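Chain by chain, the residues run as shown.
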Amino acid sequence: MIVFGLHFLLVPLLKNFMGEAQYVMQDAALMNYIDRRILSLENRLDKCNQDILDYVEEFRDFSKMVLSRLSGLNSYKTEVKDEVENLLTRVERAQRDVDYFGSVRDTETCIEVDEDLVKQQLLEAAEEKRKLKDMLNASCDHMLAGVKSLKIVKKTGDKHGSWMKDPGKKHTKIYLLNGPVNNVIFEFANIMTFMESNHTLKARRVILPFPWEGTGHIIYQGFLFYHKHGSLNEIIKFNIQKRNIVDHMLLPGAGRIPAYQLSPSTKIDLAIDEHGLWAIHAEPETGGNLVITKINHTTMSVEHSWDTTCSSKDAEAAFMACNTLYVVYNFPSGGTSRIQCAYDVLGTVNTYEIPVLHFPKRQGSHSTIHYDPKEKQLLAWGDGSQIIYKLQNQQKA
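What counts, and at which threshold
- Residues numbered from 1 in each chain as written.
- Predicted model: local features only at pLDDT ≥ 70, side-chain atom pairs only at ≥ 80, totals over all residues.
- Heavy atoms only, no water.
- Patch = residues over 30% accessible without salt bridge, like charges linked within 9 Å, V, L, I, M, F, W, Y side chains within 5 Å.
- Areas by Shrake-Rupley, 256 points an atom, 1.4 Å probe, with all protein chains shown as cover.
- Salt bridge = Lys/Arg side-chain N within 4 Å of Asp/Glu carboxyl O.
- Helix = DSSP H or I, 4+ residues; strand = E, 2+ residues; numbered from the N terminus.
- Buried < 20%, exposed > 50% of the residue type's maximum accessible area, 1.4 Å probe, protein only.
- Lys, Arg positive; Asp, Glu negative; His and termini not counted.
- Charge placed at Lys NZ, Arg CZ, Asp CG, Glu CD.
- Pairing = 2+ DSSP bridges.
- Axes fitted to C-alpha atoms, helices over the stretch in contact; angles between N-to-C directions.
- Disulfide = S-S within 2.5 Å.

Asker: Help me out: how do you make sense of a nonpolar patch on the surface in this one?
Answerer: Taken together, the side chains of Phe59, Phe62, Met65, Val66, Leu67 and Leu70 define a hydrophobic patch exposed on the protein surface, amounting to about 600 Å² of accessible area. Note that phenylalanine 59 resides in helix 1 (residues 2-109). In this structure phenylalanine 59 comes out as exposed when scored by relative accessible area, which is 55%.

So this is what it looks like as structure tokens:
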């Protein structure tokens, strides 16, 4: 009886216990399922965040590329504009050549020659030559006969550079422009200050708004004329005292190849002689021969251009003196510099009869040679040395 009573009591108790255990197992399974779902969601969120970060990085790279392309388009626009202007200049030259050859052919095929037309053409040629002489104030009566001596004034700066006086001013200031690309001019009170050991201690620093390219710059009448770095053929006129740009111009045909094979950083070489400002450069259309352009330094305009017979191959520098271009040649490894080509724009000198002129007592190369018409000497930069060459002149025949 007692056993039956216990059995009656235990059966419901066990049922309750087993039911609660079943509920516990169901709750555990549910919690495990929920944990797995949450972990899956967290993994998906992590992947989503990583994808967002990747998309943001790709967008940044894309933005940088677009901005770079936009900035490049501006430079391409400038280059295309310059090329179009150069092409127009070439077309005009070609048209003049076509007209000339056409007139020659017509003249050869004519049975009768119009004497009045021939006289008119001769008069026009004489008038053109007279205008050139008037424009150049052709009072030069001397030509270069030799380079007789040198003086190394100082050794400072990089291998390439330029130093000069202002031949158009009465002052004795010296200017140093170091390197093929820079925007700092050092101005010294005189040659003695320049020769002191620390070349920057007593110098006035002039900062340019745009850096120069090459070593072919020149100072004249208080202005620095230089080829703007990054441009094809833009020449800037900069007031040194007021420190501002006053004018600029584009030099037709220039800037595509180096002016001198042995000085590849210089695409446009500016020069000064007794008659003002000149530009020297080479063009592919001339077979690499040098082209001389007379520039009006006041209006920054081209007055006249000449295609010379002097090659840029193995040339390291050149200078103008008394309306005549003198080209300096050397060996690629460096050696004795020599002048072996000259071109007189007025044809008053038979440049083929000028002998080869060697520079004295020095082995090396020059990155720049400028003529000082006031002192009748050359200021050269050779392998980091600033050199003065004294010249020997003779009367023109």
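Asker: Looking at this model, I keep getting lost on a negative patch on the surface. Mind explaining?
Answerer: Side chains of Asp54, Glu57, Glu58 and Asp61 sit close together on the surface and give a patch of like negative charge. Mapping aspartate 61 onto the fold places it in helix 1. Note on aspartate 61: relative accessible area 40%, which makes it partly exposed.

Asker: Sorry if this is basic, but what is going on with the sheet that holds strand 9 (residues 244-250) here?
Answerer: As a general point, the strands of a sheet are linked pairwise by backbone hydrogen bonds and lie either parallel or antiparallel. On the basis of which strands lie adjacent, the open sheet formed by four strands has the order 6-7-8-9 and antiparallel pairing. Because the sheet does not close on itself, it has two edges, and the strands there are strand 6 (218-220) and strand 9. If you compare each strand with its neighbour and ignore which way they point, the axes differ by 25° on average. Sheet topology note: the strand 7 (residues 223-227)/strand 8 (residues 234-239) ladder contains five bridges and is antiparallel. Pairing of tyrosine 226 across the sheet is with isoleucine 236, part of strand 8.

Asker: How should I be thinking about the state of the cysteines in this particular structure?
Answerer: Cysteine pairs can be covalently joined through their sulfur atoms, and such a bond is termed a disulfide. Evaluation of the coordinates by the stated rule reveals two disulfides. Residue cysteine 140 pairs covalently with cysteine 322 via a disulfide, S to S 2.3 Å. Here cysteine 322 lies in the loop between strand 14 (315-321) and strand 15 (324-329) and cysteine 140 lies in the loop between helix 2 (115-136) and strand 1 (142-155), a separation of 182 residues in the sequence. Side by side, cysteine 140 and cysteine 322 carry an identical accessibility label, which is buried.

Asker: Got a minute to help me understand the sheet that holds strand 13 (residues 301-311) in this structure?
Answerer: Across the sheet, four strands lie side by side as 10-11-12-13; this open sheet has antiparallel pairing. One side of each edge strand has no neighbouring strand; the edge strands of this open sheet are strand 10 (269-273) and strand 13. Mean inter-strand twist for the sheet, computed between neighbouring axes without regard to direction, equals 25°. Note that strand 10 and strand 11 (residues 276-282) share five bridges and pair antiparallel. Across the sheet, isoleucine 272 pairs through a bridge with leucine 277, a residue of strand 11.

Asker: Whenever I open this one, the pattern of salt bridges confuses me. Can you help?
Answerer: Two side chains bearing opposite charge may form a pair once their charged atoms approach each other closely. A complete count under the given rule lists eight salt bridges for this structure. A salt bridge links glutamate 187 to arginine 204; the shortest N-O distance between them is 3.2 Å. In this pair, glutamate 187 sits in strand 4 (residues 181-188) while arginine 204 sits in strand 5 (residues 204-213), placing the two residues 17 residues apart along the sequence. Its relative accessible area of 6% is what places glutamate 187 among the buried residues. For glutamate 234, the salt bridge identified is with lysine 228, shortest N-O distance 3.8 Å. As far as the burial class goes, glutamate 234 and lysine 228 line up, both buried. Members of the salt-bridge network, linked through shared partners, are Lys173, Glu187 and Arg204.

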